[in-house]
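Breakdown of the fold
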Amino acid sequence: MTGETQNAPIRSVDSTKAERIKNIQDRIYSIQQQIRSLSTGIDRYQWMFYVTQLQQEEQKLVNELDILTSTYEEDTPTQTVRRIIAICGARKSGKGAVSEIIAELQPQFRIVNFADVLKHSFAEKEEIDPALLFDPQEKEKYRKQLIEYADEMRSTDPCVFARTLFDMNPVESLVIGDLRFIEELKLVIEQGGIVLQVYADQMWRRKRGWFYTAGIDDHMSETEMGYLSGDTIYRLGGYSVYN
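Quick word on the packing of aromatic side chains
Under the definition given, this model contains three aromatic pairs. Plain terms: the ring middles of F114 and F166 are 6.1 Å apart, the flat faces sit at 75° to each other, and that makes the pair edge-to-face. Remark: F166 occurs in helix α7 (residues 160-168) and F114 occurs in helix α4 (residues 114-126); sequence separation between them is 52 residues. Given a relative accessible area of 2%, F114 falls into the buried group. Residue F166 is classed as buried on the basis of its relative accessible area of 5%. One aromatic cluster in this structure is built from F122, Y142 and Y149. A cation over a ring is seen here: R205 above W210, with NZ or CZ 4.2 Å from the ring centre.

In structure tokens form, the structure reads like this:
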């Protein structure tokens, strides 16, 4: 038999890798859209089940994407994947310290809090210096008023502060240090985030200045996320740590 053998065109490794990266990014976006579509018209248990399945697939894709992008270089930068970690836990459990550790180890993360939006809104309403509400000692003087104001604002939109925070930070990777409500948790997951639940026993919390205060420690902002077990957090793609 004579004649030349006609070989199929050979694609470069970089071209193939770039296409795979694009496909993964598209699928991650599709998963996030599916999660958003599940947030209404479905009961909580069904929502947790379906979100867990989608989160697990998304995590596998993110892991593969990390491997691909760690060795991939191109003249034009690839689209970065936004990461969100929301931290929940009791008062003085160490949420702030864990946030700082994450940001130190992963500099692409910026530390923010849903309460930042609340504090600025409250300070504007009361005509006080917002810096007072960001001082750990001064903040305690206003805590009950802040809780009452937050309840009033959430009565019309349970995610008013969380939604505003995400609108203000549309592309950055965030560590959110004060996840307190289930509705906020749902919004975090819709945004593609994961949850980190921080535990500390009362002895350590007392050493950090905690003491039980009626109207604060029994308020839903301190108790609602506590109803979720570590297993539930894990099934939602998150983790629990002891601090």
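A closer look at the pairing of strand β3 (residues 173-176)
Residues of β3 alternate between two faces, with S173 and V175 on one and L174 and I176 on the opposite face, all of them buried. Sheet analysis places strand β1 (residues 84-89) next to β3, joined by three bridges and oriented parallel. When the sheet's bridge partners are listed, I85 is paired in β3 with V175. Strand direction decides the pairing type here: strand β2 (residues 109-112) and β3, joined by four bridges, are parallel. Paired with I111 across the strands is V175, a residue of β3.

Overview of unusual backbone geometry
Positive phi, normally seen in glycine, also occurs at K92, with a value near 65°. As for its placement among the helices and strands, K92 is situated in the loop between β1 and α3 (95-105). Using a relative accessible area of 32% as the deciding quantity, one classes K92 as partly exposed. Here E127, not a glycine, exhibits a phi torsion of approximately 55°, which is positive. Looking at where E127 falls in the secondary structure, it is placed in the loop between α4 and α5 (130-134).

A short note on the side chain of H219
Mapped onto the elements, H219 comes out in the loop between α9 (202-207) and α10 (220-223). The buried category is assigned to H219, whose relative accessible area is 13%. Looking at H219, its side chain comes within polar contact range of the side chain of D151, at 2.8 Å. Among residues more than four places away in sequence, those in contact with H219 are I147 and D151.

Regarding the pattern of salt bridges
Counted under the stated rule, the structure contains 12 salt bridges. Between E64 and R20 there is a salt bridge whose closest N-O contact spans 2.9 Å. Note that E64 is positioned in helix α2 (residues 44-71) and R20 in helix α1 (residues 13-37), a separation of 44 residues in sequence. The closest approach of N and O atoms between R91 and E140, which form a salt bridge, is 3.7 Å. With R91 in the loop between β1 and α3 and E140 in helix α6 (residues 136-154), this residue pair connects regions lying 49 residues apart in the sequence. Its relative accessible area of 32% is what places E140 among the partly exposed residues. Here the salt bridges share partners, and the residues they tie into one network are R91, E140, R143 and D217.

Conventions used here
- Residues numbered from 1 in each chain as written.
- Predicted model: local features only at pLDDT ≥ 70, side-chain atom pairs only at ≥ 80, totals over all residues.
- Heavy atoms only, no water.
- Phe/Tyr/Trp six-rings, centres within 6.5 Å; stacked < 30°, edge-to-face > 60°.
- Helix = DSSP H or I, 4+ residues; strand = E, 2+ residues; numbered from the N terminus.
- Buried < 20%, exposed > 50% of the residue type's maximum accessible area, 1.4 Å probe, protein only.
- Lys NZ or Arg CZ within 6 Å of the ring centre and 35° of its normal.
- Pairing = 2+ DSSP bridges.
- Polar contact = N/O pair within 3.5 Å; in protein donor to acceptor, adjacent residues only side chain to side chain.
- Contact = heavy atoms within 4.5 Å.
- Salt bridge = Lys/Arg side-chain N within 4 Å of Asp/Glu carboxyl O.

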